[in-house]
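Geometric and topological summary
Here is how the chains run, residue by residue.
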2 protein chains.
Amino acid sequence: MARDAFLEAAIGQARKSMAEGGIPIGSVLVQEGKIIGRGHNCRVQTGSSIDHAEMNCLRNAGRLPAKVYSRCTIYSTLSPCPMCSGAIVLYKIPRVVIGENRTFAGAEDYLRVHGIQVDVVQDAECIEMMTNFIRENPELWQEDIGV
Amino acid sequence: MARDAFLEAAIGQARKSMAEGGIPIGSVLVQEGKIIGRGHNCRVQTGSSIDHAEMNCLRNAGRLPAKVYSRCTIYSTLSPCPMCSGAIVLYKIPRVVIGENRTFAGAEDYLRVHGIQVDVVQDAECIEMMTNFIRENPELWQEDIGV
């Protein structure tokens, strides 16, 4: 089955981060079939503790009114951590598509309890990118998730 | 009773944002009696949807290992929204001191369910700053909290 074009765009962001020497996690924000924001984890690139992929995607999408978020889906190559899940809850984005949750299980229950639809794809490339990254950079990864 | 010096520093950040024409919410991160990060809401100043006070405070504190966060208290002049509460849960900051929660009730239960100590001061200046701001800028405030 062909990969969803929006998940493909999020994976493109993850590949871009990996090429920059960063953590290979990417995200896109999609409003009714159109990408309105893209981002990737920039923790290594910017030295910022809050520059997770979904956060950068939301920042890059700009300041939006609630009625826009209410018509959006956010894609992330990896299960969103509590911070990114909290941002999704804050802005009441009704659907989250997750590339994989095998290498890290985020706050999916917190999303669901707020009525957000969560779909997990278990994409092989997403799993492979994170598996390789964690094996090669265990300390950097632990810092990313507060361990 | 004299105001706690760290809450005073967070209020100083809120006053700074107000003087810049921004949303008057400030935050400081305190490690064992020393301020290691300061920030204020910069949503107006930077046009960023994720630039809440606590997020900027955590960014300005830099990339820190989990053992540092575990010895910290974060102060915020206002009850932390789901995004900022999620960041506090991610980094397992064990205590949050909140200036007030009368003008906005954040995700305090989400913090408590993760074992985080939440202390609410109900500081008169914090309440007054937000009351005035919300009265004068209702749409900007609603956008800030995804309403």
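Now for a quick tour of the structure. (Residues numbered from 1 in each chain as written. Chains lettered and ligands numbered in written order. Predicted model: local features only at pLDDT ≥ 70, side-chain atom pairs only at ≥ 80, totals over all residues. Heavy atoms only, no water.)

**Observations concerning unusual backbone geometry**
Our working rule: For helices the rule is a DSSP run of H or I covering at least 4 residues; for strands it is a run of E covering at least 2, with both sets numbered from the N terminus onward. For every residue, the accessible area obtained with a 1.4 Å probe (protein chains only) is divided by the maximum for its type, and the residue is called buried under 20%, exposed over 50%, and partly exposed between those limits.
With phi around 55°, K92 of chain A is a residue other than glycine that occupies positive phi space. Locating K92 of chain A in the fold gives a position in the loop between α5 (82-90) and β4 (95-98). Overall, K92 of chain A belongs to the partly exposed group, its relative accessible area being 48%. The backbone phi angle of Q122 of chain B is positive, close to 55°, even though this residue is not glycine. Within the secondary structure layout, Q122 of chain B lies in the loop between β5 (117-120) and α7 (124-136).

**Points about the pattern of salt bridges**
Residue and element names in this part refer to chain A. Let me state the cut-off plainly: Only one rule defines a salt bridge in this text: a Lys or Arg side-chain nitrogen within 4 Å of an Asp or Glu carboxyl oxygen.
Overall, the coordinates contain 28 salt bridges over all chains when judged by the stated rule. For E8, the salt bridge goes to R15, with nearest N and O atoms at 3.3 Å. Overall, E8 belongs to the partly exposed group, its relative accessible area being 30%. By relative accessible area, R15 is classed as partly exposed at 32%. Salt bridges sharing common partners tie together R3, E8, R15, D123 and E125.

**Focus on the interface of chain A and chain B**
We apply this condition: Contacts between residues were defined by any pair of non-hydrogen atoms, one from each residue, lying within 4.5 Å. Put simply, buried area is how much 1.4 Å-probe accessible surface two parts lose in total, over both of them, once they are put together. Polar contact is defined as a pair of N or O atoms within 3.5 Å, subject to the rule that within protein one atom must be able to donate a hydrogen and the other to accept it, and that residues adjacent in sequence are counted only when both atoms are side-chain atoms. Throughout this entry, Asp, Glu, Lys and Arg are counted as charged residues, while Ala, Val, Leu, Ile, Met, Phe, Trp, Tyr, Cys and Pro are counted as nonpolar. The remaining residues, Gly among them, count as polar.
Between chain A and chain B, the contact holds 32 residues from the first and 32 residues from the second. Note on chain A versus chain B: buried area summed over both sides is about 2700 Å², and carbon and sulfur give 60% of it. Of all residues in chain A, R63, L90 and Y91 of chain A give up the largest surface area on contact with chain B, accounting jointly for 25% of the area buried on that side. Residue E143 of chain B pairs with R63 of chain A through a salt bridge whose shortest N-O separation is 2.7 Å. If you look at where chain A meets chain B, you find 12 residue pairs in polar contact (both at pLDDT 80 or more). For the side of chain A that touches chain B, the elements supplying multiple residues, two or more each, are α2 (43-46), α3 (53-61), α4 (66-69), α5 and α8 (138-144) of chain A. When its residues are assigned to classes, the side of chain A that touches chain B shows 19 nonpolar, 7 polar and 6 charged.

The values are spatial; any link to function lies outside them.
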